[in-house]
Amino acid sequence: MPITGEYAPSPNDRARKQTELYESSGGTQGTTMNGMPVVILWTLGARSGKIRKTPLMRVEHDGDYAVVASLGGAPQHPVWYHNVVADPHVELQDGPERHDYTAREVTGEEKALWWKRAVEAYPPYADYQERTDREIPVFVLERR
Ligand SMILES: C[C@H](OP(=O)(O)OC[C@@H](O)[C@@H](O)[C@@H](O)Cn1c2nc(=O)[nH]c(=O)c-2cc2ccc(O)cc21)C(=O)N[C@@H](CCC(=O)N[C@@H](CCC(=O)O)C(=O)O)C(=O)O
């Protein structure tokens with residue numbers, strides 16, 4: 001069952017513009033950053049209840065995805081992290097395909113496995129983790 005509600009565009013110009021190009025092109029344009037693939041995560045605003053759309057690096061393995069709340073190694077989590085914690089029902093668009101997922105924050109060995117996959121997909125994640133004492137959270141998204 002897709003997420004419904006009013007879309008609230010990101011105040012971050014780059015993220016908003018990438019999201020809008022991605023969607024308006026049916027997932028054929030705006031699908032990379034620095035040549036590496038990007039997906040669009042839909043979350044429900046924890047306070048507003050509005051639909052928030054966030055471009056993130058694509059981390060995929062056997063049909064499951066992970067999303068990494070890196071925020072470039074900033075000391076605080078990105079706001080979308082709190083939306084997912086509040087409501088793990090998310091949508092993810094990968095190219096032309098968009099599906100519903102349940103997000104689950106991973107820890108321990110499972111996190112180590114997905115972190116390895118994330119860094120393989122987007123090596124700068126390793127630099128971001130070096131840059132902060134905050135443990136960068138990883139959610140695994142399982143198809144609903
Ligand atoms: C700017 C802020 O965005 P954010 O949710 O903190 O997310 C920051 C970034 O993670 C986001 O811009 C990402 O798209 C940046 N980003 C990546 N960010 C990452 O963390 N990881 C990535 O892999 C990543 C890749 C990426 C690729 C391309 C690109 O263009 C951007 C990329 C934002 O949208 N703030 C809103 C509020 C958003 C919101 O969800 N509000 C909630 C309230 C939540 C609460 O307060 O509890 C609500 O609506 O209820 C505002 O200030 O009005």
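That block above? That's the structure.
Just so it is clear, the structure is predicted and the values come from calculations on it, not from any experiment.

A. Structural view of the pairing of strand β2 (residues 36–44). Pairing of strand β1 (residues 32–33) with β2, which is carried by two bridges, proceeds in the antiparallel orientation. Looking across to β2, one finds that Met33 is bridged to Met36. In this sheet, strand β3 (residues 51–57) lies alongside β2 in antiparallel orientation, the contact comprising seven bridges. Paired with Ile40 across the strands is Pro55, a residue of β3. Here β2 folds back onto β3, and the loop between the two strands holds six residues, one of which, Gly49, carries a positive phi near 70°.

B. Quick peek at the site of the ligand. Not every one of the 25 residues close to the ligand is listed here, only the nearest: Arg47, Ser48, Val79, Asn83 and Tyr125. Contact distances for the ligand include 3.3 Å between an oxygen atom and a side-chain N or O atom of Arg14. Tyr125 places a polar side-chain atom, nitrogen or oxygen, 2.5 Å from an oxygen atom of the ligand. About the coverage of the ligand: the protein hides 81% of its 1,000 Å² of free accessible area. Those elements giving two or more residues to the shell around the ligand turn out to be α1 (13–24), β3 and α2 (79–86). At five residues, β3 tops the list of elements feeding residues into the shell around the ligand. Residues of the shell around the ligand, tallied by class, amount to 14 nonpolar, eight polar and three charged.

C. Main features of α1. Over its twelve residues, α1 extends 16 Å from the first C-alpha to the last, a length consistent with the 16 Å expected when each residue adds 1.5 Å. Of the positions making up α1, those classed as buried are Ala15, Arg16, Gln18, Thr19 and Tyr22. Buried residues along α1 cover an arc of 165° about the axis, so they all sit on one side. Facing away from the buried side of α1 by more than 90 degrees, the exposed set consists of Arg14, Lys17 and Ser24. A distance of 3.0 Å separates the backbone nitrogen of Arg14 from a side-chain oxygen at the start of α1, and that oxygen is part of Asn12. Immediately beyond the C-terminal end of α1, within one or two residues, lies Gly26, with a positive phi of roughly 65°.

Cut-off values and rules
Residues numbered from 1 in each chain as written. Predicted model: local features only at pLDDT ≥ 70, side-chain atom pairs only at ≥ 80, totals over all residues. Heavy atoms only, no water. Pairing = 2+ DSSP bridges. Helix = DSSP H or I, 4+ residues; strand = E, 2+ residues; numbered from the N terminus. Near = heavy atom within 4 Å. Polar contact = N/O pair within 3.5 Å; in protein donor to acceptor, adjacent residues only side chain to side chain. Areas by Shrake-Rupley, 256 points an atom, 1.4 Å probe, with all protein chains shown as cover. Nonpolar A, V, L, I, M, F, W, Y, C, P; charged D, E, K, R; others polar. Expected span 1.5 Å × (residues − 1). Buried < 20%, exposed > 50% of the residue type's maximum accessible area, 1.4 Å probe, protein only. Arc of directions from axis to C-beta.

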